[in-house]
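One-letter residues, chain by chain:
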Amino acid sequence: MQTDASSPTLLAVESSCDETAVAVLRGFDGLLASEVASQVAEHARFGGVVPEVASRNHLLTTPPLVERALGTAGIALSDLDGVAATLGPGLAPALLVGSSFAKGLALGRGLPFYGINHMEGHLLSPFFGRREIPEHVGLVVSGGHTLLVHVRRFGAYRLLGRTLDDAAGEAFDKTAKLLGLPYPGGPEIEKLARSGRPGRFTLPEAMRGSGNLDFSFSGLKTAVRYLLEKQPDADRADVARAFQEAVTSVLVQKSLRAARQANVGRIAVSGGVGCNRFLQDALQREATAAGLEVCFTPNALSTDNAAMIAFVAAWRAASGHASGLDEEVRPNLSFEWLGASD
Ligand code: KG4
Ligand code: ZN
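Model, not experiment: these values are computed from the prediction.

Caption draft 1: Examining the environment of Thr9 more closely. By secondary structure assignment, the location of Thr9 is in strand β1 (residues 9–14). Sequence separation of Thr9 and Val24 is 15 residues, and the distance between their C-alpha atoms is 6.9 Å. Excluding its chain neighbours within four sequence positions, the residues that come into contact with Thr9 are Val24, Leu25, Arg26, Ile75, Asp79, Leu80, Asp81 and Gly82. Within the local environment of Thr9, its side chain forms a polar contact with the side chain of Arg26, the two groups lying 3.0 Å apart.

If you want it as structure tokens, here you go:
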């Protein structure tokens, strides 16, 4: 197979949490394969993700998943021009498996290695496939993070706000647990809330009124707990609806405020919670009314996947920024590692 220096073929491995994912991307938009193996069932009986269980599963799953991705892509290892992996943030034992595998592959085949920040993967995923990242405010809402970022272009990011405690997805998951729903709770709450009646309960929209762009969701979960203790017969669908409305309202208001403050006309949403239709509809409505454009991410690229990791690697390859094989995993990798700057 011909390799074209301007559109290299990259293989990316993502193993930061409980999903093993492998993707093959040619250039910026040639997604030849994107495989995701979820471990949700393995962790469900423990009521949450167990790092060592995740690690063992990544170890068992990564080699066959790489085989499968290459098969789907219809290419051989010798057709690869580079290898990428998530270095953080995430669970250390889980990150180690995917990144070690990718580094080994890069070393064995003499290919460049790209160590990627999972958050940058989410942040750029609304523009997957594009050779231009337009200026926008990115709202990243996942299970582990809630961020508002002013993106000027690839590599030029400024953090505007973040959660001070629970991430938006974490709030969905913990509230789902209180409501007796399985993990991951986001899609379950969304489903249940559809039959919920609006206005039956009012929950606090924490920090909605505060002038800054930070979030706090832990009080909301506690409010749901108190509500259920005081009114054990409360209709679960009504509670789910009130919860979803409270989260949505804060996310929408702060995203709009961020766009105003940064003076940009576009908001882009990424991360698992971005799949939520109630949030999408509310944001679309309010943004349109405010004269702003909104971009959403397709569901398959919103929840954890390796295509978004490969996409960041494609940008890095284009700018000639490979990583050293001695770059370690960074479980607590913060947003600042992105070289956040204007
Ligand atoms: O981005 P992601 O796959 O993983 C992290 O990097 O954390 O996000 C997973 C989170 C979970 O908390 C899950 O409950 C939430 O995204 N989620 C949703 C929906 N689908 C997934 N939350 C609300 N509504 C949804 N439809
Ligand atoms: Zn994620």
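There's plenty left to go through after this.
Caption draft 2: Representation of the site of ligand 1 within the structure. In the vicinity of ligand 1 there are 21 residues, among which Gly143, Asp173, Gly186, Glu190 and Asp304 approach most closely. Between an oxygen atom of ligand 1 and a main-chain N or O atom of Gly272, the distance comes to 3.0 Å. Within the backbone of Val273, an N or O atom sits 3.5 Å from an oxygen atom of ligand 1. Protein burial of ligand 1: of its 560 Å² of free accessible surface, 89% is covered by the chains. Elements that contribute at least two residues to the shell around ligand 1 include exactly α4 (118–124), α5 (168–178) and α6 (185–193). Here the shell around ligand 1 gets 4 residues from one element, more than from any other, and that element is α6. Looking at the shell around ligand 1 residue by residue, the class counts come to 5 nonpolar, 13 polar and 3 charged.

Caption draft 3: Quick look at the packing of α5 against helix α8 (residues 236–262). Closest axis-to-axis distance for the α5/α8 pair is 11 Å, and the angle between their directions is 170°. Classified by the angle between their axes, α5 and α8 sit roughly antiparallel to one another. Note on element contacts: α8 touches α5 through Phe243, Gln244 and Val247, opposite Ala171, Phe172 and Thr175. Broken down by class, the residue content of the contact of α5 with α8 amounts to 4 nonpolar, 2 polar and no charged.

Caption draft 4: Up close: the sheet that holds strand β5 (residues 113–117). Read from one edge to the other, the open sheet built from 5 strands follows the order β3-β2-β1-β4-β5, with strand pairing classed as mixed. Pairing within the sheet leaves two strands with one partner each, and these edge strands are β3 (30–38) and β5. Across the sheet, the axes of successive neighbouring strands diverge by a mean angle of 20°, strand direction being ignored.

Caption draft 5: Spatial organisation of the coordination of the zinc ion (ligand 2). Coordination of the zinc ion (ligand 2) by the protein involves His118 (NE2), His122 (NE2) and Asp304 (OD), with metal-donor separations of 2.0 to 2.1 Å. Metal-centred angles of 96 to 131° between the 4 donor atoms at the zinc ion (ligand 2) mark the site as tetrahedral. Sequence spacing among the residues donating to the zinc ion (ligand 2) works out to H-x3-H-x181-D. Of this pair, His118 and His122 are both found in helix α4, 4 residues apart, which corresponds to roughly one turn of the helix. Taken as a pair, His118 and His122 share a single burial class, namely buried.

Caption draft 6: The pattern of salt bridges, seen in detail. Considering all chains together, one arrives at 14 salt bridges under this definition. The partner of Arg194 in a salt bridge is Glu190, with the nearest N and O atoms 4.0 Å apart. For Arg194, a relative accessible area of 60% puts it in the exposed group. Residue Glu190 is classed as buried on the basis of its relative accessible area of 12%. Glu229 serves as the salt-bridge partner of Arg225, at 3.9 Å between the closest nitrogen and oxygen. Highlighted residues: Arg225 and Glu229, both in helix α7 (residues 218–230), separated by 4 residues, approximately one helical turn. With relative accessibility at 36%, the residue Arg225 sits in the partly exposed group. One salt-bridge network, in which partners are shared between bridges, spans Asp166, Glu170, Lys174 and Lys221.

Analysis parameters
Each chain has its residues counted from 1, following the order in which its sequence is written. All chains are assigned letters beginning at A, and all ligands numbers beginning at 1, according to the order in which they are written. Residue-level local features of this predicted model are given only where pLDDT is at least 70; pairs of side-chain atoms are given and counted only at 80 or more, and the full residue set underlies all totals for whole chains, interfaces and linings. Water and hydrogen atoms play no part in the side-chain values, which are based on all heavy atoms of the structure. To qualify as a helix, a DSSP run of H or I must reach at least 4 residues; to qualify as a strand, a run of E must reach at least 2; elements of each kind are numbered from the N terminus. Working rule for contacts: check all heavy atoms of both residues, and any pair within 4.5 Å makes them a contact. Polar contacts, as used here, are pairs of N or O atoms within 3.5 Å; protein pairs need one atom able to donate a hydrogen and one able to accept it. Residues neighboring in sequence count only if both atoms are side-chain atoms. Proximity is defined per residue: if any heavy atom of the residue lies within 4 Å of a molecule or strand, that residue is considered near it. Surface accessibility in these figures is a Shrake-Rupley result with a 1.4 Å probe; residues are shielded only by whichever protein chains are displayed. Each residue gets one label: Ala, Val, Leu, Ile, Met, Phe, Trp, Tyr, Cys and Pro are nonpolar, Asp, Glu, Lys and Arg are charged, and the others, such as Gly, are polar. Helix axes are fitted only over the stretch in contact, all axes being lines through C-alpha atoms; the angle between N-to-C directions runs from 0 to 180 degrees. An angle below 35 degrees is treated as roughly parallel, one above 145 as roughly antiparallel, one from 65 to 115 as roughly perpendicular, and anything else as oblique. By the convention used here, strands pair only if DSSP detects at least 2 bridges between them. In this listing, donors mean N, O and S atoms no farther than 2.8 Å from the metal, or 3.2 Å for Na, K and Ca; water is missing from the atoms, so a site can look incomplete. A four-donor site is called tetrahedral if each angle lies between 85 and 135 degrees; a four-donor site is square planar, and a six-donor site octahedral, when trans pairs exceed 155 degrees and the remaining angles lie between 65 and 115; all other cases are labelled irregular. For the exposure calls, accessible area comes from a 1.4 Å probe over protein chains only, and a residue counts as buried if that area is under 20% of its type's maximum, exposed if over 50%, partly exposed in between. Salt bridge criterion: a side-chain nitrogen from Lys or Arg within 4 Å of a carboxyl oxygen from Asp or Glu.

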